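# Structure assessment
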Amino acid sequence: MPPETWLPLFEWFENTSVGTAVRNSLWIFPVVEGIHLIGLGLLGGAILVVDLRLLGVGLKRQVPAELIRHTQPWLIGAIVLLAVTGITLFLSEAVKCYYNTSFWVKITTLPIAIIFTFTVRKWLLQRLIVDTSWQTRLLGVLSLALWFTVAAGGRWIGYS
Amino acid sequence: MKGLLEWLESTPWSIALLESLWVWPLVESAHVLTLTIFFGTVVMNDLRLLGWTMKSVPVSEVTKRLLPWTRAGFVVMVITGAVIFYSNPVRYYHNIFFRFKMLLLIVAGLNAFVFHRGIHRKVAQWGKDLVLPREARIAGAVSLIVWVTIIMAGRLIAYNWFDCDIQPQPGFVNWAAGCLTGAN
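The sections below set out a description of the structure shown in this document.

Parameters at a glance
Residues numbered from 1 in each chain as written. Chains lettered and ligands numbered in written order. Predicted model: local features only at pLDDT ≥ 70, side-chain atom pairs only at ≥ 80, totals over all residues. Heavy atoms only, no water. Helix = DSSP H or I, 4+ residues; strand = E, 2+ residues; numbered from the N terminus. Buried < 20%, exposed > 50% of the residue type's maximum accessible area, 1.4 Å probe, protein only. Areas by Shrake-Rupley, 256 points an atom, 1.4 Å probe, with all protein chains shown as cover. Lys, Arg positive; Asp, Glu negative; His and termini not counted. Charge placed at Lys NZ, Arg CZ, Asp CG, Glu CD. Salt bridge = Lys/Arg side-chain N within 4 Å of Asp/Glu carboxyl O. Patch = residues over 30% accessible without salt bridge, like charges linked within 9 Å, V, L, I, M, F, W, Y side chains within 5 Å. Core = buried A, V, L, I, M, F, W, Y, C linked by side-chain atoms within 4.5 Å. Contact = heavy atoms within 4.5 Å. Axes fitted to C-alpha atoms, helices over the stretch in contact; angles between N-to-C directions. Parallel < 35°, antiparallel > 145°, perpendicular 65-115°, else oblique. Left-handed = near helix turned anticlockwise from the far one by under 90°. Nonpolar A, V, L, I, M, F, W, Y, C, P; charged D, E, K, R; others polar.

Helices and strands together make up the secondary structure of chain B, namely nine helices and zero strands. Ordered by position in the sequence, the α and β elements of chain B form the string α-α-α-α-α-α-α-α-α. Referenced to the eigenvectors of the C-alpha coordinate spread, the extents of chain B come out at roughly 60 × 35 × 25 Å. Within the span of chain B, comprising 184 residues, buried residues form 48% of the whole. With an accessible surface of roughly 9900 Å², chain B has 70% of that area assigned to carbon and sulfur atoms. Each charge class in chain B can be summarised by its mean position, and for the 16 positive and 10 negative side chains these summaries are 15 Å apart.

Below, the structure is given as structure tokens:
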């Protein structure tokens with residue numbers, strides 16, 4: 001749980017014009033949630049194509065660097081879409097999120113997942129790795145585990 | 001149909017499922033998270049057909065390597081989806097978003113069927129072309145649009161805006177939801 005002194009900030013988030021507008025509408029929250037889910041699927045695709053390759057399954061005849069280059073714009077697009085819709089959803093129920101453990105699990109693993117993914121991919125882009133090794137497998141597993149935690153934490157915000 | 005669904009709803013497992021504190025949310029979460037595998041691989045395949053990603057990778061290779069994951073994801077989606085339906089069959093049966101989603105699933109299935117039975121048979125010939133045949137691009141675009149709409153419809157099933165017990169509703173809503181209103 002975050003420090004008590006953060007609560008006023010979250011109350012302020014909830015009272016922003018966006019937060020209030022979403023709360024006062026019957027439709028906006030569900031529709032934005034739907035777009036957030038579509039973004040999740042797109043993110044899943046962009047992540048999986050590379051991570052499956054790192055695990056030695058999927059598109060295993062391709063060089064990881066090539067797949068990273070191809071999927072990068074979609075990965076960034078998905079993250080932007082998820083961030084915009086996610087912040088919108090958050091603003092409408094910021095105080096609930098403040099008290100929600102799943103929210104904190106998600107919001108702390110998210111930057112780790114993003115930094116990890118872009119660092120690993122930058123590193124892979126600089127090397128011509130063709131073979132699957134225990135190192136590439138480890139990177140794939142870590143990436144999938146991190147993103148799974150982010151997504152599962154996000155889904156669980158609604159249940160707790 | 002109604003009788004069968006009412007019987008399903010009265011079975012002990014259906015009641016237990018709906019009232020469960022953990023099982024229902026876990027099944028629902030599995031349904032949502034498997035979206036990343038199923039829809040994720042579908043999207044990448046469709047984007048390849050449209051020529052918007054992985055242009056240097058032959059279509060046949062993208063399809064061959066991703067399709068097993070699409071299939072596995074689909075199986076999990078259907079099983080978890082069926083379990084969720086079983087937890088509250090009558091309600092879902094009369095939910096217009098659920099009905100719309102089922103219709104779109106048929107459209108998505110037909111699109112995939114026509115694609116695989118048609119132009120995809122010659123994939124070896126056009127697989128490396130920079131611009132793919134029109135039919136292939138159309139199949140990719142249709143799939144993308146239909147699946148995105150299915151996700152939105154699926155998300156909206158959770159809302160009871162048009163449920164039969166929320167009245168009055170416009171006539172076409174009650175018709176689409178198959179509601180028996182007071183007038184009947």
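Counting across every chain of the model gives six salt bridges over all chains. Taking the shortest distance from any N to any O, the salt bridge between D51(A) and R121(A) comes out at 3.9 Å. Of this pair, D51(A) sits in helix α3 (residues 28-54) while R121(A) sits in helix α6 (residues 101-125), and the two are 70 residues apart along the sequence. By relative accessible area, which is 2% here, D51(A) ends up buried. Among the salt bridges present, the one from E28(B) reaches R155(A), with a minimum N-O distance of 3.8 Å. With E28(B) in helix α3 (residues 23-50) and R155(A) in helix α7 (residues 134-157), this residue pair bridges two chains.

Moving on, we get to a nonpolar patch on the surface. On the surface, a cluster of nonpolar side chains totalling about 470 Å² of accessible area is made up of L21(B), W22(B), V23(B) and L26(B). Structurally, L21(B) is set in the loop between α2 (12-19) and α3.

Moving on, we get to the nonpolar core. Across soluble globular proteins, nonpolar side chains show a tendency to be buried alongside one another. One finds L43(A), F39(B) and M54(B) to be the most contacted residues of the largest nonpolar core, which totals 49 residues. The set of elements that each furnish at least two residues to this core consists of α3, α4 (64-92), α6 and α7 of chain A together with α3, α4 (59-87), α6 (96-117) and α8 (134-156) of chain B. Setting aside chain neighbours within four positions, we find L43(A) in contact with L75(A), A78(A), I79(A), L82(A) and W147(A). One finds L17(B), W24(B), F97(B) and L156(B) within the second-largest nonpolar core, a separate group that totals 13 residues.

Take the packing of α3(B) against α8(B) next. To describe two helices that pack against each other, one gives the angle between their axes and the distance between the axes. All names here are of chain B. Packing of α3 against α8 brings their axes to within 8 Å, and their N-to-C directions diverge by 150°. One finds that α3 runs roughly antiparallel with respect to α8. α3 and α8 meet at a crossing whose hand is left-handed. Residue-level inspection shows L35, F38, F39, V42, V43, D46, L47, L49 and L50 of α3 in contact with α8, the latter providing A136, R137, G140, A141, S143, L144, W147, V148 and I151. Classifying every residue of the contact of α3 with α8 gives 14 nonpolar, two polar and two charged.

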